[in-house]
Amino acid sequence: MAITVSSDSTGRGLARGRSLAARTVRFVAHRPVLAVSSGILLLFVAVALLSPWLAGDPGTLNPPRRLKPPSATQWFGTDHVGRSVFDRTLWGARISLGVGFAVAITTTVVGVLVGIVAGYFRLADTVIMRAMDAVMAIPAILLAIALVALVGSSPLVIVTAISVPEIPRMARMVRASVLVLREQAYVEAAITCGGRVHSILLRHILPGAAGPILVQATYVFASAMILEAILSFLGAGTPPNVPSWGNMMAEGRQYLQLAPWILGFPALGLALVVLSVNLLGDVWRDMLDPSLAPSAAGVTR
Amino acid sequence: MTPALEVAHLSKTFAARRGPFGLLGRRVVRAVEDVSFTVEASRTLALVGESGCGKTTIGRMVVRLAIPNAGSITVEGEDFTRLSGEALRRKRQRVQMVFQDPFACLNARMTAEAIVAEPLVNFGLGDAATRRRRVRQLFDQVGLPQTFLDRLPHHMSGGQRQRLGIARALAAKPAVIVADEAVAALDVSIRSQILNLLKDLQRETGVAYLFISHDLSVVRYLADEIAVMYLGRIVEKGPVRSVFDTPAHPYTQALIGAIPASHPRERRRRALLDGEVPSAAALPIGCPFRTRCPLATDICSREPPPLVTVRHGHAAACHHIHANEMTTGGTTT
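Just so we're clear, the structure is a prediction, and the values are computed from it rather than from any experiment.

Chemist: Explain the overall build of chain B residue by residue, including any values.
Modeler: Along chain B, the regular secondary structure elements total eleven helices and twelve strands. Compactness check: chain B gives a C-alpha radius of gyration of 21 Å against a globular reference of 20 Å for 333 residues, within 12% of the reference. Projected onto its principal axes, the C-alpha coordinates of chain B cover approximately 65 × 60 × 45 Å. Across the 333 residues of chain B, 51% fall into the buried class. Of the contacts formed within chain B by residues at least 6 apart in sequence, a portion of 63% connects residues at least 24 apart. Per element, the accessible surface of chain B, about 14,900 Å² overall, is 52% carbon and sulfur. Between the mean site of the 43 positive side-chain charges and the mean site of the 31 negative ones, chain B shows a separation of 4 Å.

As structure tokens, this is what we get:
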């Protein structure tokens with residue numbers, strides 16, 4: 001493969017002119033971490049989306065067959081009231097991943113907007129950032145418990161409770177990146193070239209901040225899943241009639257010595273998703289840094 | 001004919017707060033003080049001086065990356081400093097910039113074609129097909145092969161990137177190009193190529209250059225006129241030949257004396273300067289140069305010297321011009 005690159009010395013072939021499939025194969029071979037972590041994540045996303053078809057009713061009780069270990073008929077065993085741990089783990093993936101995505105998107109959108117207003121337009125920069133510091137001082141768990149006690153438990157409340165304390169971190173990071181990028185010569189060049197505000201932000205500043213934003217978003221995604229599990233574990237999250245990895249672990253905790261699979265499978269799912277999301281964030285960060293991009297043959301900087 | 005660029009009584013101060021929360025008051029740095037000059041179309045004015053003398057600040061104000069505290073910048077008869085919003089953005093088409101660092105001034109995520117097309121898109125010049133043709137024409141003009149169109153900047157050399165930066169500055173057909181140390185970051189071998197390119201492009205397009213440099217040999221090659229700056233003020237300005245052959249201000253004499261001679265026989269008695277440049281936050285009263293000037297007398301510490309004409313088009317700000325000229329005037333260079 002190296003030979004094809006060096007024969008194409010103009011560097012054009014690197015960017016264009018290669019079939020999508022060939023580029024994908026080459027890419028995966030060069031980035032095994034990316035391939036494995038995105039594979040795991042995609043698997044879980046598929047499971048979460050398809051759980052109504054893949055898994056049976058997670059609420060079906062079968063007390064005579066309770067606390068059974070994993071077997072050919074019950075792959076993940078059964079819990080203390082005879083419900084299928086396999087069905088419940090699959091259904092639980094919907095809650096965990098759903099909360100993760102919702103929190104990551106909310107945090108990113110709001111955090112980027114706040115960071116740009118403070119860092120690029122410098123509007124009320126001090127006021128906004130001190131307000132963000134104040135919000136950051138609120139512990140997520142306390143906020144969530146207070147909100148649930150106040151308005152009752154619902155997905156919207158959980159997503160809000162987890163997003164609010166994460167937004168300042170994102171906003172602060174975006175502001176810091178924007179403050180650096182707006183002083184860059186290429187951004188000043190874009191201004192002298194008559195760039196409008198939206199073009200300067202979208203073409204020149206945000207792409208430069210995309211790496212850190214993406215990495216932060218994956219971190220938020222992972223920590224939101226963990227927080228949701230903690231809240232459900234504490235009983236302040238997903239209601240007990242809806243299976244989530246958090247409340248499954250809470251129930252399984254009491255039978256840890258007798259039936260470790262009740263806690264083990266949701267915990268394994270959580271660990272795998274969190275790990276792959278974090279790895280994906282690291283790989284994306286490297287890929288989005290143009291100075292780390294592979295250089296065309298024969299031309300180095 | 002209205003000049004391409006007319007700068008009148010331009011001043012810029014920077015205020016730095018001292019102490020925690022600015023409790024110790026403000027330290028005012030006078031970066032540029034009452035600077036005036038004119039550049040006609042197809043002409044090049046060089047701003048020279050030591051680092052920190054305010055020449056870069058002037059360049060940034062001319063392209064409106066910095067806002068002057070006082071004075072006016074008139075581009076083709078229209079005061080650039082009074083514009084804002086969309087009117088300012090449109091007027092930017094007339095004043096473009098070539099940056100010092102050919103690595104930092106190009107967005108690393110954009111292809112060469114997109115970089116050069118950007119001003120065309122922003123200023124709404126032509127449809128997509130016209131822009132494609134114009135970008136290819138610009139590549140020819142600056143001597144970049146068409147195969148570079150979809151290259152990324154970090155796959156290009158420093159000289160190639162600077163050509164790209166020049167193509168971008170030329171794209172919107174500006175009246176004035178500010179070149180801030182445009183060749184300082186380049187290898188000596190590339191430098192002369194880029195200087196020749198700038199000269200050729202000026203001949204073809206009639207653009208006026210405000211060329212900011214500390215390198216006198218470059219200035220002498222490229223510029224028609226020269227303005228020598230010291231601590232934010234112009235101390236001498238005039239046609240390049242006149243200023244190089246018969247420098248009137250002791251500072252200019254020292255600068256020119258510091259150019260290495262190409263032959264031992266051409267070595268002059270050098271008037272080297274003692275001491276350090278005073279801080280721009282604590283300027284000497286009177287003539288700012290008096291602390292290092294070999295000719296300084298009482299009057300220099302009392303009154304700042306005005307810019308007076310020495311001969312046609314050549315002026316200097318020194319109380320001792322005439323006494324000075326008699327001793328050193330006519331030095332061959």
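Chemist: An account of the overall build of chain A is requested, with residue identities and associated values reported.
Modeler: For chain A, the count of helices and strands is twelve helices and zero strands. Taking all 301 residues of chain A together, the buried fraction comes to 43%. Taking the intrachain contacts of chain A between residues at least 6 apart in sequence as the baseline, contacts between residues at least 24 apart amount to 70%. For chain A, the computed accessible surface area is about 14,900 Å², with 69% contributed by carbon and sulfur atoms.

Chemist: Can you break down the interface of chain A and chain B residue by residue, with the values?
Modeler: Opposite the 28 residues of chain A that make contact, chain B presents 29 residues. In this assembly, chain A packs against chain B so that about 2,600 Å² is buried in total across both faces, 53% of it on carbon and sulfur atoms. The tally of links from chain A across to chain B stands at one salt bridge. Across the pair A:Glu188 and B:Arg60 runs a salt bridge whose closest N-O atoms are separated by 2.8 Å. Counting the contacts that link chain A with chain B gives nine residue pairs in polar contact (both at pLDDT 80 or more).

Chemist: Please set out the pairing of strand 8 (residues 208-213) of chain B residue by residue, giving values where relevant.
Modeler: Residue and element names in this part refer to chain B. In terms of burial, strand 8 is largely enclosed, as six of its six residues are buried. Here strand 8 shows no split at all, with Ala208, Leu210 and Ile212 on one side and Tyr209, Phe211 and Ser213 on the other all buried. When strand 3 (residues 44-48) meets strand 8, the two strands line up parallel, connected through five bridges. By the bridge assignment, leucine 45 is partnered in strand 8 with leucine 210. Bridge analysis of strand 7 (residues 176-180) against strand 8 gives five bridges, and the strand direction is parallel. Each bridged residue has a counterpart across the sheet, and for aspartate 180 the counterpart in strand 8 is isoleucine 212. Taking the sense of rotation as the criterion, the β-α-β connection linking strand 7, helix 6 (residues 188-205) and strand 8 turns out right-handed.

Chemist: Break down the domain arrangement of chain B for me, with residues and values.
Modeler: Residue and element names in this part refer to chain B. Examined at the domain level, chain B breaks down into domain 1 (39-64 + 86-223) and domain 2 (230-326). Taken over C-alpha atoms, the centre of domain 1 sits 31 Å from the centre of domain 2. The partner domain 2 presents eleven residues to the six residues of domain 1 that form the contact. Carbon and sulfur atoms supply 67% of the area that domain 1 and domain 2 bury against each other, a total of about 860 Å² over both sides.

Chemist: Explain the sheet that holds strand 5 (residues 78-79) of chain B to me, using residue names and the numbers behind them.
Modeler: All names here are of chain B. Read from one edge of the open sheet, four strands run 2-1-4-5, paired in antiparallel fashion. Single-partner strands in this sheet number two, and they are strand 2 (26-39) and strand 5. With ten bridges connecting them, strand 1 (residues 5-17) and strand 2 associate as antiparallel partners. Counted as the bridge partner of phenylalanine 14 is valine 29 from strand 2. Helix 1 (residues 55-62) contacts strand 1, strand 2 and strand 4 (70-75) of the sheet and is inclined by roughly 115° relative to strand 1.

Cut-off values and rules
- Residues numbered from 1 in each chain as written.
- Chains lettered and ligands numbered in written order.
- Predicted model: local features only at pLDDT ≥ 70, side-chain atom pairs only at ≥ 80, totals over all residues.
- Heavy atoms only, no water.
- Helix = DSSP H or I, 4+ residues; strand = E, 2+ residues; numbered from the N terminus.
- Rg over C-alpha atoms; globule rule 2.2 N^0.38 Å.
- Buried < 20%, exposed > 50% of the residue type's maximum accessible area, 1.4 Å probe, protein only.
- Contact = heavy atoms within 4.5 Å.
- Areas by Shrake-Rupley, 256 points an atom, 1.4 Å probe, with all protein chains shown as cover.
- Lys, Arg positive; Asp, Glu negative; His and termini not counted.
- Charge placed at Lys NZ, Arg CZ, Asp CG, Glu CD.
- Buried area = accessible area lost by both parts, 1.4 Å probe.
- Salt bridge = Lys/Arg side-chain N within 4 Å of Asp/Glu carboxyl O.
- Polar contact = N/O pair within 3.5 Å; in protein donor to acceptor, adjacent residues only side chain to side chain.
- Pairing = 2+ DSSP bridges.
- Right-handed = clockwise from strand over helix to strand, strands pointing away.
- Domains from an automatic or database assignment.
- Axes fitted to C-alpha atoms, helices over the stretch in contact; angles between N-to-C directions.

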